[in-house]
Every structure is written in C-alpha cells, then in structure tokens.
Amino acid sequence: MSEQKKIRVAISIGDPNGIGVEVILKALMDKDITDFFTPIIFGATKLLNFHKDQLKLDRIYFQGIPHASKTVDGKINVVNLWREQPEVQLGKSTPLAGELAFQSLKAAAQAVKDGVADVLVTAPINKENIQSDEFNFPGHTEYLGEVWGGTPLMFMVSDQVRVGLVTQHIPLQEVAQHITTKNVEFKLKQIAKSLIQDFAVERPKIAVLGLNPHAGDRGLLGKEEEEILAPLINQQLEKGNLTFGPYPADSFFSPAMLDQFDAVLAMYHDQGLIPFKTICFEEGVNYTAGLSHVRTSPDHGVAYDIAGKGIADETSFKQAIFTAIRIFENRKEYSELTKNVLRPTKVNIDSEEDEVE
C-alpha cells in the first residue's frame with residue numbers, strides 16, 4: 001500500500017518587518033512537524049535566514065525550490081521569489097515590505113488555485129502599505145474572494161467559540177444600512193454550510209446578536225431587531241433551522257451561553273472580534289469560509305512593536321495551520337459521503353432474467 005500523500009500547506013510571509021516570519025519559523029521548529037504536513041513558504045531562503053539569525057533560531061532548515069511544483073515532502077520548502085536579500089527594517093512600515101507581502105500572497109494563493117498546494121495559511125499584512133494597483137482591497141478576505149471566486153465570510157474559530165460577521169471591513173457609520181434581511185440570511189446560510197462541511201456539525205445551532213444596545217430594547221434603541229432580525233429568525237425556525245436571538249451583544253459571551261451554540265453571527269467587525277480575541281486570543285484562528293479553497297490565518301496583526309525581539313507567540317499561527325488541515329480533511333470527507341447520495345442505481349434486468357433461465 002502506498003503512503004498517503006501529505007497535505008501541502010502554502011504559507012505567505014506577510015509583512016517581513018513585522019512578526020509574521022518569526023511566528024512561521026517558531027511554528028515549524030518541531031523536528032517532527034513535516035510528519036504531519038508539507039510546508040511551502042513563499043518568500044526567499046535569504047530572507048528567512050536573516051530572521052532566523054536575528055532570532056537565534058538554529059534548529060530549523062529549509063529546502064530552497066524555484067517553484068511550488070518542485071516541493072519535496074519531508075522538508076520545509078521555500079519558494080525563492082527573490083534572488084537578492086530584500087531590505088528588512090524590523091518594526092517599520094515601508095512600501096517595500098508591503099510589496100513583498102503582496103508578492104508572497106499572490107504566489108501562494110495561485111499555488112493553491114493551481115492545485116500545487118492544498119490550503120493557504122497567511123501571516124499578517126499591513127493593510128495600508130500593501131495597497132497598490134494590484135491590491136486594492138481592505139484585507140486578505142476580500143482579495144481571496146476576488147482571485148479564488150466566491151463570497152468570502154470572515155469566520156473566527158476556536159475550540160471555545162466560532163464567530164461570523166454580517167459586515168466586515170467597512171466604516172461603523174455604514175453598518176446599519178447593510179443590516180438587511182437578505183444580507184443576514186445569506187450569512188446565516190454561509191455559516192450553516194461551513195459548520196456542516198468544514199466542521200462536521202450535523203445540525204448547526206446559531207445565535208444571532210442584535211445590532212443595537214440591549215438588542216434594541218423593544219424598539220426604544222433601534223428598530224433593526226424588531227423589523228429585520230426577529231422576523232428572519234422566526235422564519236428560519238419555521239424552516240427547521242436552529243437559529244436563535246437576537247441577543248444583546250454585551251451580555252452574550254459567557255461560557256453558559258457559548259456552550260449552547262455552534263456559532264455566533266455578529267453584525268459588525270468589533271462586535272464579534274473584540275470578545276473573540278479576548279476569550280481566545282492566543283489560540284484563535286481567522287478562517288475565510290465561503291470559498292472553494294481553504295485559507296486561515298492567526299488572529300493577530302503585524303505587531304511592529306515587538307518585531308525582532310523573539311517574544312512573539314506562535315500558538316495562533318500553529319493553530320491556523322492545523323485548523324486549515326482539519327477543514328480540508330472534513331471537506332474531503334463530506335464530499336465523498338455526499339457525492340453519490342442522490343444518484344439512482346441502474347438495475348440490469350436482462351442479466352438477472354438470463355441468470356434465472
């Protein structure tokens with residue numbers, strides 16, 4: 001029997017002046033790490049060696065390759081995108097750092113799209129210095145929706161809680177106009193589909209948060225709950241979907257409440273991400289659901305203030321890797337289980353009659 005092919009994990013380096021390369025190196029330092037998957041880092045061995053020397057990490061070695069198609073299982077592969085050592089200015093936002101971050105992301109996303117790699121794990125970018133004619137997006141999520149196709153859902157996940165968002169990277173003053181029946185219902189469908197296919201939850205139970213303080217307080221503090229959210233939730237329940245709420249956001253995130261649900265739908269970015277990062281900052285993962293390929297990232301930023309100091313925690317990045325692998329495997333299993341469910345079986349009556357005779 002041939003050995004099962006290891007999942008290939010494409011890794012983009014993020015902003016090289018931040019902590020991205022540090023958490024990548026630390027996450028891959030275990031000598032047995034390649035027994036579980038094959039890493040493919042998109043950057044340059046010279047750049048990684050610079051960070052390795054800066055951090056005094058001596059137990060990690062790289063396999064330099066010209067293209068992801070040359071990946072070697074059992075090694076930490078590095079696709080050399082640049083021949084020369086790019087200038088690194090730790091802790092500083094520079095145009096060059098943004099350009100390198102985009103080149104790494106672009107190549108890694110393409111490798112997954114081409115089937116050379118199986119999943120993508122992204123280190124943090126600076127959303128300002130990465131902007132260019134080619135990258136004109138609020139973040140990874142929207143960019144991958146463009147290059148991979150689909151409607152991305154920012155889904156923050158951990159063992160304790162999963163949080164999806166109706167609105168993602170938009171100004172707070174524009175949030176209310178995006179809270180419509182159509183938008184909320186679509187996000188509920190996305191979350192339910194992801195829970196079933198990506199996380200093996202048979203019958204998802206989803207909590208919906210209110211937009212306004214105290215979930216509108218019966219219309220005194222806002223009408224969205226009474227006019228949009230509550231009617232939609234009732235419709236979902238009538239259809240047999242386990243959707244509940246709207247709950248006041250300020251009192252929802254307690255262990256007793258979280259234990260009752262498989263996921264939470266928040267109305268806007270900070271409403272969902274502040275409690276999520278407070279509860280599980282070191283182990284939280286940002287997963288982009290709703291796309292044809294799997295992408296995860298740690299739930300922290302570039303952290304210029306601690307770049308190069310050797311104190312960045314790699315836990316979230318390591319969790320992002322193994323979450324991506326688990327989702328990939330769950331999707332594959334779901335696809336195999338459902339592939340032939342509705343396909344009718346053809347019975348060869350003639351051959352049966354011939355046997356009887």
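Above: the structure in question.
Everything in this summary refers to the structure shown in the same document. Sequence order as written defines residue numbering, which begins from 1 separately in each chain. Per-residue local features of the predicted model are confined to residues with pLDDT of at least 70, and side-chain atom pairs are confined, for both listing and counting, to 80 or more; whole-chain, interface and lining totals are unaffected and use all residues. The basis for the side-chain values is all heavy atoms of the structure; hydrogens and waters are excluded.

This part takes up the pairing of strand β9 (residues 242-247). In short, DSSP must find at least two bridges between two strands for them to pair. Helical segments are the DSSP runs of H or I of at least four residues, strand segments are the runs of E of at least two, and each set is numbered from the N terminus. Both strand β8 (residues 205-209) and β9 contribute to a ladder of 4 bridges, which runs parallel. From the neighbouring strand, K205 faces β9, where its bridge partner is L242. In the classification by handedness, the crossover that spans β8, the intervening helix α7 (residues 224-238) and the parallel β9 is right-handed. Think of it like this: strands point away, you trace from the first strand over the helix to the second, and a clockwise trace means the crossover is right-handed.

Below, the discussion takes up the pattern of salt bridges. Any Lys or Arg side-chain nitrogen found within 4 Å of a carboxyl oxygen on Asp or Glu counts as a salt bridge. Applying the stated rule across the entire model yields 6 salt bridges. A salt bridge links D73 to R8, with the nearest nitrogen and oxygen atoms 3.5 Å apart. With D73 in the loop between β3 (63-65) and β4 (77-80) and R8 in strand β1 (residues 8-12), the pair connects residues that are 65 residues apart, well separated along the chain. Salt-bridge contacts for D32 lead to K31; the nearest nitrogen and oxygen are separated by 3.5 Å.

This paragraph deals with the sheet that holds strand β6 (residues 150-157). Strands sit in the order β3-β4-β2-β1-β5-β12-β11-β6-β7-β10-β8-β9 across an open sheet of 12 strands; the sheet is mixed. Edge positions in the sheet fall to β3 and β9, since each has one partner strand and no second. Strand-to-strand twist in this sheet, taken as the mean axis angle between neighbours without regard to direction, amounts to 25°. Direction of pairing for strand β5 (residues 119-122) relative to strand β12 (residues 294-298): parallel, over a ladder of 3 bridges. In the strand pairing of β12, V121 is matched with T296. Residues count as neighbours in contact if any of their non-hydrogen atoms are within 4.5 Å of one another. In this description, a line fitted to the C-alpha atoms serves as the axis of each element, helices being fitted only across the stretch in contact, and the angle between N-to-C directions of two axes falls anywhere from 0 to 180 degrees. Of the strands in this sheet, β1, β5, β6, β11 (285-291) and β12 touch helix α11 (residues 315-338), which is tilted by about 160° from β12.

Here the focus is the packing of helix α6 (residues 181-199) against α7. Between α6 and α7, the shortest axis-to-axis distance is 10 Å and the interhelical angle comes to 45°. Taken together, the axes of α6 and α7 lie oblique to each other. Helix-helix and strand crossings are classified by hand; for α6 and α7 the assignment is right-handed. Counted together, T181, V184, E185 and L188 of α6 and I228, L229, L232 and Q236 of α7 form the full contact between these two elements. Grouping the constituent residues of the contact of α6 with α7 by class yields 5 nonpolar, 2 polar and 1 charged. We call two directions roughly parallel when the angle between them is under 35 degrees, roughly antiparallel when it is over 145, roughly perpendicular when it lies between 65 and 115, and oblique otherwise. Handedness of a crossing is defined here by the sense of rotation of the near helix relative to the far one, left-handed for an anticlockwise turn of less than a right angle and right-handed for a clockwise turn. Three categories are distinguished: nonpolar for Ala, Val, Leu, Ile, Met, Phe, Trp, Tyr, Cys and Pro, charged for Asp, Glu, Lys and Arg, and polar for the others, with Gly belonging to the last.

Right, let's get into the layout of surface pockets. Buriedness of a pocket was judged along seven lines, with at least five required to meet protein on both sides within 12 Å; pockets are open sets of points on a 1 Å grid over the protein atoms alone, cavities are sets where a 1.4 Å probe fits but cannot get out, and lining residues have an atom within 4 Å of a point. Grid points are joined across faces, edges and corners, and a volume is the space filled by probe spheres set on the points. Taken as a whole, the largest pocket holds about 330 Å³ of empty space. Forming the walls of the largest pocket are 21 residues, and the residues nearest its centre are K127, K277, N286, P298 and H300. For the lining of the largest pocket, the elements supplying multiple residues, two or more each, are α4 (140-148), β6, α10 (269-280) and β12. Classifying every residue of the lining of the largest pocket by side-chain character gives 7 nonpolar, 10 polar and 4 charged.

Within the secondary structure layout, S194 lies in helix α6. Exposed residues in this analysis have more than 50% of their type's maximum accessible area, buried residues have under 20%, and partly exposed residues fall in between, with area computed by a 1.4 Å probe over protein chains only. By relative accessible area, which is 3% here, S194 ends up buried. Excluding its chain neighbours within four sequence positions, the residues that come into contact with S194 are F155, F199, Y287 and A289.

So, on to helix α3 (residues 95-113). A rise of 1.5 Å per residue sets the reference length of α3, with its 19 residues, at 27 Å; its end C-alpha atoms lie 27 Å apart and thus fit the reference within 8%. Every buried residue of α3 is listed here: A97, G98, L100, A101, F102, S104, L105, A108, A109, A111 and V112. Against the buried residues of α3 lie β1, β2 (38-43), β5 and α4. Two residues or fewer after α3 comes G115, characterised by a positive phi angle close to 85°. Multiply 1.5 Å by the residue count of a helix minus one, and that product is the helix's expected span.

Next up on the list: the packing of aromatic side chains. Ring pairs (aromatic) are described by centroid distance and by the angle formed between their planes. Side-chain rings of Phe, Tyr and Trp (the six-membered ring for Trp) are treated as a pair once their centres are within 6.5 Å; stacked means planes under 30 degrees apart, edge-to-face means over 60, and tilted covers the remaining angles. Considering all chains together, one arrives at 14 aromatic pairs under this definition. Ring geometry for F199 against Y287: centres 6.0 Å apart, planes inclined by 75°, an arrangement best described as edge-to-face. You can see F199 sitting in helix α6 and its partner Y287 sitting in strand β11, a full 88 residues away along the chain. Each member of the aromatic cluster is reached from another via a ring pair, and the members are F244, Y247, F252, F253 and F261. Placement of a charge over a ring requires the Lys NZ or Arg CZ to be within 6 Å of the ring centre, with the centre-to-atom vector within 35 degrees of the ring normal. Across the ring face of F199, the terminal group of R162 is positioned such that the distance to the ring centre comes to 4.8 Å.

On to α7, then. Working note: α-helix, 3.6 residues per turn, so residues spaced by three or four point in the same direction. Between the first and last C-alpha of α7 there are 20 Å, a value that for 15 residues agrees with the 21 Å anticipated at 1.5 Å per step. The largest bend in α7 amounts to roughly 25° and is located at A230, with the proline P231 lying one to four residues further along. Among the residues making up α7, those that are buried are E224, E225, I228, L229, L232, I233 and Q236. Buried-residue contacts for α7 involve α5 (175-178), α6, β8 and β9. Downstream of α7 by one or two residues, G240 has phi in the positive range, about 90°. The bend reported for a residue corresponds to the angle between axes fitted to the seven residues ending at that residue and the seven starting there.

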